[in-house]
Amino acid sequence: MGPEAGHVLDRGDRGLLVMRAHPGEGPQARAPIVAPATYWFDGRAAWMTTAADSDRTAALSRDPRCALYVPPADGGADDAGRVGALAAGRARVFSLGDPLGLTFHAPPIALAMTALAARNAASLVRRAQAAAPRVPGRLIPQNRVVVRVIVDDAHEVLRLPAQPGIAPPLPPVAPADVRRVIAGRRQVLVAAEEGDRLVIAPAIWGNGFALALAPGSRLPAGATATAALDVSGGPGDGVGLAVHGRLTSAPALQAERVTWWKGARLQTADMPPAGRQSGALTLPD
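Residues numbered from 1 in each chain as written. Predicted model: local features only at pLDDT ≥ 70, side-chain atom pairs only at ≥ 80, totals over all residues. Heavy atoms only, no water.

1. Considerations on the pairing of strand 7 (residues 144-158)
Examined bridge by bridge, strand 4 (residues 45-51) and strand 7 share seven bridges and lie antiparallel to one another. What sits directly across from Thr50, in strand 7, is Val145. By the bridge criterion, twelve bridges tie strand 6 (residues 83-94) to strand 7 in an arrangement that is antiparallel. Across the sheet, residue Arg90 finds its bridge partner in strand 7, namely Ile150. (Pairing = 2+ DSSP bridges. Helix = DSSP H or I, 4+ residues; strand = E, 2+ residues; numbered from the N terminus.)

Okay, here's the thing in structure tokens:
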């Protein structure tokens, strides 16, 4: 682990967790899962918690290999060169279905959850306020699991310089309040499955979900992929959007599905047919 990457992980508290999708769920479902993750880093592992019935829990239980991306800080218009981190590791899910693991690891789990709560106290308050009208059962403590991601390797990632062009029109199936936060933002993380490995690269997306990469980076044409971005501190603590599809040689992403989140709740829908994507796509409402 490079020292700068370690500093980024230690200072940060939110990133994007990249996981492998289940290969038996059809061509569209094979795109990697990219989801927001609030975490605490203890110097060797990133700790987080999620719903027991979430896609994240299912994916990490099937295949523990994953990656955590902490983006460079957003410094305004001229922020190229700011440093983020990409950490590859292996996840362990601690749940009520694993009483032996919970018992054996009880001290570090308790310490990690206390540190996670202390580091993200303001975030937890905002999330509770957003959830107060409905308080879904999946947020009740007994429906939570603890996830520990042991970092095997981490390296620093530079924020890409601005590129000419505009951000892609956002799919109207995503709510207007989500699109308002995301509209105009162009720095994304792209994750693609190539054989048995994940290829992960920061990119700048443009019209038609064209992707501009850093020099020397490549994405496997024809592979299933997900392009995602997350804005922390938004309504309900965070807002983000992920587009799933297949990579062309351009490279560009042929969008098939879209996932969005506001706070802890994630929703997914198919992209509308091409004939219905004109007009309404161009504005965030």
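2. Quick word on the sheet that holds strand 4
The seven strands are arranged 2-1-5-6-7-4-3 in an open sheet whose pairing can be described as antiparallel. The outermost strands of the open sheet, each flanked by one partner alone, are strand 2 (33-38) and strand 3 (40-41). Relative to strand 6, strand 5 (residues 65-70) runs antiparallel, the two sharing six bridges. When the sheet's bridge partners are listed, Leu68 is paired in strand 6 with Ala87. Along the sheet, helix 1 (residues 3-11) contacts strand 3, strand 5, strand 6 and strand 7; its crossing angle with strand 6, the most-contacted strand, is approximately 65 degrees. Where helix 4 (residues 106-119) meets the sheet, its contacts fall on strand 2, strand 3, strand 4, strand 6 and strand 7, and the angle it forms with strand 4 comes to roughly 80 degrees. (Contact = heavy atoms within 4.5 Å. Axes fitted to C-alpha atoms, helices over the stretch in contact; angles between N-to-C directions.)

3. With respect to helix 1
What helix 1 keeps buried is the set Ala5, Gly6, Val8 and Leu9. For helix 1, the angular spread of the buried residues around the axis is 160 degrees, confining them to a single face. Facing away from the buried side of helix 1 by more than 90 degrees, the exposed set consists of Pro3 and Arg11. Residues of helix 1 that are buried in the fold lie against strand 3, strand 5, strand 6 and strand 7. (Buried < 20%, exposed > 50% of the residue type's maximum accessible area, 1.4 Å probe, protein only. Arc of directions from axis to C-beta.)

Geometric values such as these leave the question of function open.
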